[in-house]
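# A look at the structure
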Amino acid sequence: MNESESNTNPITRLIRKFMVFGEDISLWDLIWKYTIRDFIIGLLALVPASPGVALRLIFMPFVFKSCGKGLTVRSFVALEIPERITLGDNVSLNEYVWLNGVGGIEIGNMVRIAPYTCIVSFDHEFKDPNVPIKFQTKRLAKVVIEDDVWLGSHVVVTSGVRIGKGSVIGAGSVVTKDIPPYSIAVGVPARVIKKRGE
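A quick note: this is a predicted structure, and the numbers were derived from the prediction, not measured.

Rules used in this analysis
- Residues numbered from 1 in each chain as written.
- Predicted model: local features only at pLDDT ≥ 70, side-chain atom pairs only at ≥ 80, totals over all residues.
- Heavy atoms only, no water.
- Helix = DSSP H or I, 4+ residues; strand = E, 2+ residues; numbered from the N terminus.
- Buried < 20%, exposed > 50% of the residue type's maximum accessible area, 1.4 Å probe, protein only.
- Contact = heavy atoms within 4.5 Å.
- Pairing = 2+ DSSP bridges.
- pLDDT = per-residue confidence, 0-100.
- Salt bridge = Lys/Arg side-chain N within 4 Å of Asp/Glu carboxyl O.

Our next topic: the environment of Pro82. With respect to the helices and strands, Pro82 occurs in the loop between strand 3 (78–80) and strand 4 (85–87). Residue class for Pro82 comes out buried when judged on its relative accessible area of 0%. Put simply, Pro82 and Phe64 are 18 residues apart on the chain and 5.0 Å apart in space, counted from C-alpha to C-alpha. Residues within four places of Pro82 in sequence aside, it is in contact with Arg37, Ile41, Val63, Phe64 and Lys65.

Shown next, in the form of structure tokens:
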């Protein structure tokens, strides 16, 4: 054990040993955020139909960094590091949406996110071929989705991307670069095919 490891608490050393998290966390975080809170989120995700939407409307706003009014969260939505996710008013997260907020996610008002959409705010480093990717660092980069955006089903939004106000992203698209406001973008990678209203 080197000197820096000996100066850390036993919980942090245990976490590092098993590579569960990529950053130091407190015992409180381990007990609340990554055990009790995530367990409750997982249980709530299983409640179907209107009762599930109502229960999630009551509980979910408390797990985000901030959350506006009128949130709709359908069944089986998965949240990672929700304390770094900001939601505006009247946001809809439909079935099987996955949000990984480790690098920060900011979602504006009236945003519609269709089923099976994935928003990820980090990338893995993989420069060193002699070190397994699992053990290399992460590049964190905030994702911003402005007001009145509609993400179609099975969309992937990668780290560091900004999707402009009023844009529509077609089903199955992979967004790797910024999308200007009021654009319609489709494809892998997503590209703008026209402006709304044209």
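Moving on from the model shown.
Put simply, Val188 and Pro189 share a cis peptide bond, and its omega is -5°. You can see Pro189 is positioned in the loop between strand 18 (183–186) and strand 19 (191–195). One non-glycine residue with positive phi stands out, namely Ala49, at about 55°. Looking at the secondary structure, you find Ala49 in helix 4 (residues 49–59). Of note, Asp148 is a non-glycine position whose phi angle comes to about 60°, a positive value. Following the sequence through the fold, Asp148 ends up in the loop between strand 12 (143–145) and strand 13 (150–151). Assessed through its relative accessible area of 37%, Asp148 is described here as partly exposed.

Attention now goes to the side chain of Ser75. By the secondary structure assignment, Ser75 is in the loop between strand 2 (72–73) and strand 3. Note on Ser75: relative accessible area 10%, which makes it buried. The residues touching Ser75, leaving out its near neighbours within four places in the chain, are Ala45, Val47, Pro48, Ala49, Arg56, Glu95 and Tyr96.

With parallel pairing, five strands are arranged side by side in an open sheet as 3-6-9-14-17. A strand with exactly one partner marks an edge of an open sheet, and here the two such strands are strand 3 and strand 17 (174–175). Of the strand pairs in this sheet, strand 9 (residues 118–120) and strand 14 (residues 156–157) are connected by two bridges, and their pairing is parallel. Looking at strand 14, one finds that Ile119 is bridged to Val157.

Per-residue pLDDT for the protein has a mean of 89; in total, 87% of the residues score no lower than 70. When the criterion is pLDDT under 50, residues 1–5 qualifies, and its contacts beyond four places in sequence or with other chains add up to three contacts. Contacts of residues 17–21 to residues separated by more than four positions or lying in other chains number six contacts, the stretch itself having pLDDT below 50.

With that out of the way, let us pick up the pattern of salt bridges. On inspection of all chains with the given rule, the structure shows seven salt bridges. A salt bridge links Arg37 to Asp38; its shortest N-O distance comes to 3.2 Å. Residue classification places Asp38 among the partly exposed positions, given a relative accessible area of 30%. Glu83 is paired through a salt bridge with Arg37; the nearest N and O atoms lie 2.7 Å apart. Here Glu83 is found in the loop between strand 3 and strand 4, whereas its partner Arg37 is found in helix 3 (residues 27–45), with 46 residues between them in sequence.

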